[in-house]
Amino acid sequence: NVQPMWILVIGSWSLCCGKCEDIMQQPGCSSTGYTYPPWPNTPHEARTCAAPGGNVFWDESYCTGKFLPIFPTVASGWAVQIFCTWGGYALMFVGMLQATHLHKKLA
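Summarised in this report is the structure supplied together with it. Predicted, not measured: the structure shown is a model, and the values here were computed from it.

### A look at the pattern of salt bridges
Applying the stated criterion to the full structure yields one salt bridge. Of the charged contacts, one joins Lys 19 and Glu 60 as a salt bridge, the two residues approaching to 3.5 Å between their closest N and O atoms. Separated by 41 residues along the polypeptide, Lys 19 in strand 1 (residues 18-19) and Glu 60 in the loop between strand 3 (47-48) and helix 3 (75-100) bring together distant segments of the chain. Here Lys 19 falls in the partly exposed class, since its relative accessible area comes to 33%.

### Side note on the state of the cysteines
Inspection of every chain in the model, using the stated rule, returns three disulfides. Here Cys 16 is linked by a disulfide to Cys 63, with a sulfur-sulfur distance of 2.0 Å. Disulfide Cys 16 to Cys 63: torsion about the S-S bond roughly -80°, handedness left-handed. Placement of Cys 16 in the loop between helix 1 (2-12) and strand 1 and of Cys 63 in the loop between strand 3 and helix 3 is noted, with a sequence separation of 47 residues between them.

Calculation rules
Residues numbered from 1 in each chain as written. Predicted model: local features only at pLDDT ≥ 70, side-chain atom pairs only at ≥ 80, totals over all residues. Heavy atoms only, no water. Salt bridge = Lys/Arg side-chain N within 4 Å of Asp/Glu carboxyl O. Helix = DSSP H or I, 4+ residues; strand = E, 2+ residues; numbered from the N terminus. Buried < 20%, exposed > 50% of the residue type's maximum accessible area, 1.4 Å probe, protein only. Disulfide = S-S within 2.5 Å.

This is the structure in structure tokens:
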């Protein structure tokens, strides 16, 4: 549940850090040269973020909406996908065996 919830938060609060030129069409709109998309109430106010941009799952090229983010493109995204998703499946399988006492029934 970690990955879908994280992606929901990233999408809901527009947490994709992109270059000022791509997001706001204003070079140098922030001190780092990167910004999150502006809030609807303040469309000309930059939300400064750290370089190199992107977020925990995708690099900055996905912030413009030109690409569909199907798989992670950065190492942290792959780590979350592999360890949290597949680790969760492994723990669920072990929990199912313990709940049904299948390991005793098969012995």
